[in-house]
Amino acid sequence: MTTFAAIALLAQSMMPVQGAEGDPFWSATAPTNEVRVAMMVLEERNMPFVQAKLGGVDCTLLLDTGATHTTFDLAFVKSALPDVKLQPVMLMGDSNVEGSPAFFRVESLDIGGAKFGDFGAMALNLSHLPASMGVRVDGILGMSTIGRVPFVLSLSRGEVVFCPGDEARKGFDKWTTRFPGDPMSIVLKAVNGDKAFGMIVDSGASMTFLLSATGWPATGEKADFSAIDINGSTDLAPQRGESGRLIVGRDLALEISPLVVDSRDPTMNRIGSDTLRRYDMIVDGFKVSFRP
């Protein structure tokens with residue numbers, strides 16, 4: 001299993017997500033005006049990082065649209081917020097998470113001038129991430145925080161725009177509805193021939209993955225695991241898929257070059273950062289759009 005998959009499953013396997021402002025993980029305060037935030041995008045893996053301040057302490061966060069919850073490294077939380085109260089959280093359902101996460105309240109999180117606050121986050125040992133990614137990683141910035149407001153994600157430009165104005169919204173012509181309607185998950189309905197299936201849009205994934213059950217043609221060439229940062233099980237044995245156009249929504253086509261895997265796990269259908277590097281994406285409520 002890859003590092004990004006472990007992160008995404010970490011978030012999805014925790015408490016049930018209601019996607020409402022009363023949810024303890026939902027950010028109560030958020031920016032109301034446009035804020036442009038620079039990102040560092042890893043060249044080989046394409047994954048985006050932002051500089052932020054947790055309670056005034058500098059931190060580096062992976063901006064992960066495939067993570068439903070924001071999660072910080074446990075050691076970093078104890079160092080940055082020595083008086084914070086950590087409450088144990090029970091994992092729900094199947095999980096590949098090692099260790100028990102804790103819940104804590106975030107009073108303030110400043111992401112390059114975009115200020116969020118008064119929300120719940122997770123604390124977990126994430127010490128393996130810096131070694132596998134080659135950069136400092138203090139946490140994972142998930143949809144429970146950034147999904148509070150509309151945003152434009154541009155890996156090609158190296159920026160995320162919170163509360164985008166008219167200029168930042170130009171060029172997003174075709175919209176698709178998120179499925180299901182959950183603010184903490186970007187899941188789109190995709191179609192390949194006569195097969196319809198869900199796709200998670202995951203900026204924390206270095207590669208785009210499709211299950212073989214979707215019917216996407218594979219080349220027969222085995223994927224180079226070193227290129228997708230394996231962290232754990234390698235029993236998925238992905239093959240390189242043919243390049244082609246994936247239809248999301250009714251008629252929005254994305255050019256993809258996926259890895260095809262044999263698995264029964266529907267969450268493996270992911271639009272990764274290799275595809276997002278080719279497109280800007282806007283997320284506004286329950287709508288998503290892409291532009292080249």
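Refer to the preceding data block for the structure.
Let us look at the structure shown here.

## Observations regarding the overall build of the protein chain
- Along the backbone of the protein chain there are six helices and 25 strands.
- Residue burial in the protein chain is summarised as follows: out of 292 residues, 55% are buried.
- Within the protein chain, counting contacts between residues at least 6 apart in sequence, those at least 24 apart form 67% of the total.
- Carbon and sulfur atoms form 50% of the exposed surface of the protein chain, whose accessible area is close to 12,600 Å².

## Considerations on the environment of Val 283
- With respect to the secondary-structure elements, Val 283 resides in strand E24 (residues 280-284).
- Given the relative accessible area of 3%, Val 283 is considered buried.
- When near neighbours in sequence (up to four residues on either side) are disregarded, Val 283 contacts Val 149, Pro 150, Phe 151, Arg 178, Ile 186 and Val 288.

## As for the pairing of strand E3 (residues 48-54)
- Of all seven residues in E3, five are buried, a share of seventy percent or more.
- Between strand E2 (residues 40-41) and E3, which follow one another and run antiparallel, lie six residues, and Asn 46 among them has a positive phi close to 70°.
- Here E3 pairs with strand E4 (residues 57-63) via six bridges, running antiparallel. Of the residues in E4, the one forming a bridge with Leu 54 is Val 57.
- Between E3 and E4, which pair antiparallel in sequence order, lie two residues; one of them, Gly 55, sits at a positive phi of approximately 55°.
- Bridge analysis of E3 against strand E8 (residues 109-111) gives three bridges, and the strand direction is antiparallel. Note on E8: the bridge partner recorded for Ala 52 is Ile 111.

## So, unusual backbone geometry
- Phi is positive for Asn 46, close to 70°, though the residue is something other than glycine.
- Here Asn 46 lies in the loop between E2 and E3.

## Describing the packing of aromatic side chains
- Scanning the model with the defined rule gives six aromatic pairs in all.
- Plain terms: the ring middles of Phe 25 and Phe 103 are 5.4 Å apart, the flat faces sit at 85° to each other, and that makes the pair edge-to-face. One end of the pair, Phe 25, is in the loop between helix H1 (3-12) and strand E1 (35-38); the other, Phe 103, is in strand E7 (residues 102-106), and 78 residues separate them in sequence. Phe 103 carries the same exposure label as Phe 25, and that label is buried.

Calculation criteria
Residues numbered from 1 in each chain as written. Predicted model: local features only at pLDDT ≥ 70, side-chain atom pairs only at ≥ 80, totals over all residues. Heavy atoms only, no water. Helix = DSSP H or I, 4+ residues; strand = E, 2+ residues; numbered from the N terminus. Buried < 20%, exposed > 50% of the residue type's maximum accessible area, 1.4 Å probe, protein only. Contact = heavy atoms within 4.5 Å. Areas by Shrake-Rupley, 256 points an atom, 1.4 Å probe, with all protein chains shown as cover. Pairing = 2+ DSSP bridges. Phe/Tyr/Trp six-rings, centres within 6.5 Å; stacked < 30°, edge-to-face > 60°.

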